[in-house]
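The chain contents come next:
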Amino acid sequence: MAENTEKNLGYAFAAESKAAVRNDAFAKKAESDGYPQIARLFSAISDAESVHARRYLRLMRGKIGSTEENIETAFQNEIKANVEEYPKLIKDASDEGKESALNAFSQSRDVESRHAELYKKAMNDMLADRHTVYYVCQVCGYVSEDAAPDNCPVCGAVKAKFKLVE
Ligand SMILES: [Fe+2]
Ligand SMILES: [Fe+2]
């Protein structure tokens, strides 16, 4: 019985995570369609689904460790996405001639190695007294330190497409 619950926590975590991102995308669409109140509702529900997802993740055995362990886990996940997972998705998109998906998968694969690099750096100077702010490309997910580049090195997006995370 406990095993079912463990599995169900994983299922609920995945479902709520997806709902959070989907509602956030719906919010952006409502905003651009000129429905600001509907956009706020989608954003609020998206945030609520994130609350659910984090709650389940915390209840799952061994999913959140010490910060040192979490950086290592995050680093390994980026490497795995870069060398194992995205290459398969890229191959299928390429075989099937799905250009937009191919472009998205390829850029994500490239960006994952950048994410890994940032984690590696963080592992090496976890205790350093450093305050770095990050800028995230809203097209491809590339992360830049301290300043947004004029153009994204992975997808070419202009500076205005970068979101500050501090
Ligand atoms: Fe990543
Ligand atoms: Fe980008």
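Everything here concerns the structure above.
Residues numbered from 1 in each chain as written. Chains lettered and ligands numbered in written order. Predicted model: local features only at pLDDT ≥ 70, side-chain atom pairs only at ≥ 80, totals over all residues. Heavy atoms only, no water.

Trainee: Can you help me understand the pattern of salt bridges in this one?
Mentor: Pairs can form between side chains of opposite charge once their charged atoms are near each other. What the rule picks out here adds up to 12 salt bridges. Here the residues in one salt-bridge network are R114, E117, K121, D125, R130 and E145, joined through shared partners. (Salt bridge = Lys/Arg side-chain N within 4 Å of Asp/Glu carboxyl O.)

Trainee: Whenever I open this one, the packing of helix α3 (residues 67-95) against helix α4 (residues 99-124) confuses me. Can you help?
Mentor: The description of two helices packed together rests on the angle between their axes and the distance between the axes. Orientation of α3 relative to α4, taken along the N-to-C sense of each, is 165°, at an axis distance of 8 Å. When the axes of α3 and α4 are compared, the pair comes out roughly antiparallel. The two elements α3 and α4 cross, and the hand of that crossing is left-handed. When the residues that make up the contact of α3 with α4 are grouped by side-chain class, the tally is 16 nonpolar, six polar and five charged. (Axes fitted to C-alpha atoms, helices over the stretch in contact; angles between N-to-C directions. Helix = DSSP H or I, 4+ residues; strand = E, 2+ residues; numbered from the N terminus. Parallel < 35°, antiparallel > 145°, perpendicular 65-115°, else oblique. Left-handed = near helix turned anticlockwise from the far one by under 90°. Nonpolar A, V, L, I, M, F, W, Y, C, P; charged D, E, K, R; others polar.)

Trainee: Sorry, what's going on with the coordination of the iron ion (ligand 1) here?
Mentor: Four donors placed tetrahedrally around a metal ideally meet at 109.5 degrees, and six donors placed octahedrally ideally meet at 90 or 180 degrees. Those donors, E78 (OE), E78 (OE), E112 (OE) and H115 (ND1), are the protein atoms that reach the iron ion (ligand 1), and they lie 1.9 to 2.5 Å from it. Metal-centred angles of 56 to 135° between the four donor atoms at the iron ion (ligand 1) mark the site as irregular. Each donor residue of the iron ion (ligand 1) lies on the same chain, and together they follow the pattern E-x33-E-x2-H. Of the two residues, E78 is situated in helix α3 and E112 in helix α4; the sequence distance between them amounts to 34 residues. Both residues of the pair, E78 and E112, count as buried. (Donors = N, O, S within 2.8 Å, 3.2 Å for Na, K, Ca; no water. Tetrahedral: all angles 85-135°; square planar, octahedral: opposite > 155°, others 65-115°. Buried < 20%, exposed > 50% of the residue type's maximum accessible area, 1.4 Å probe, protein only.)

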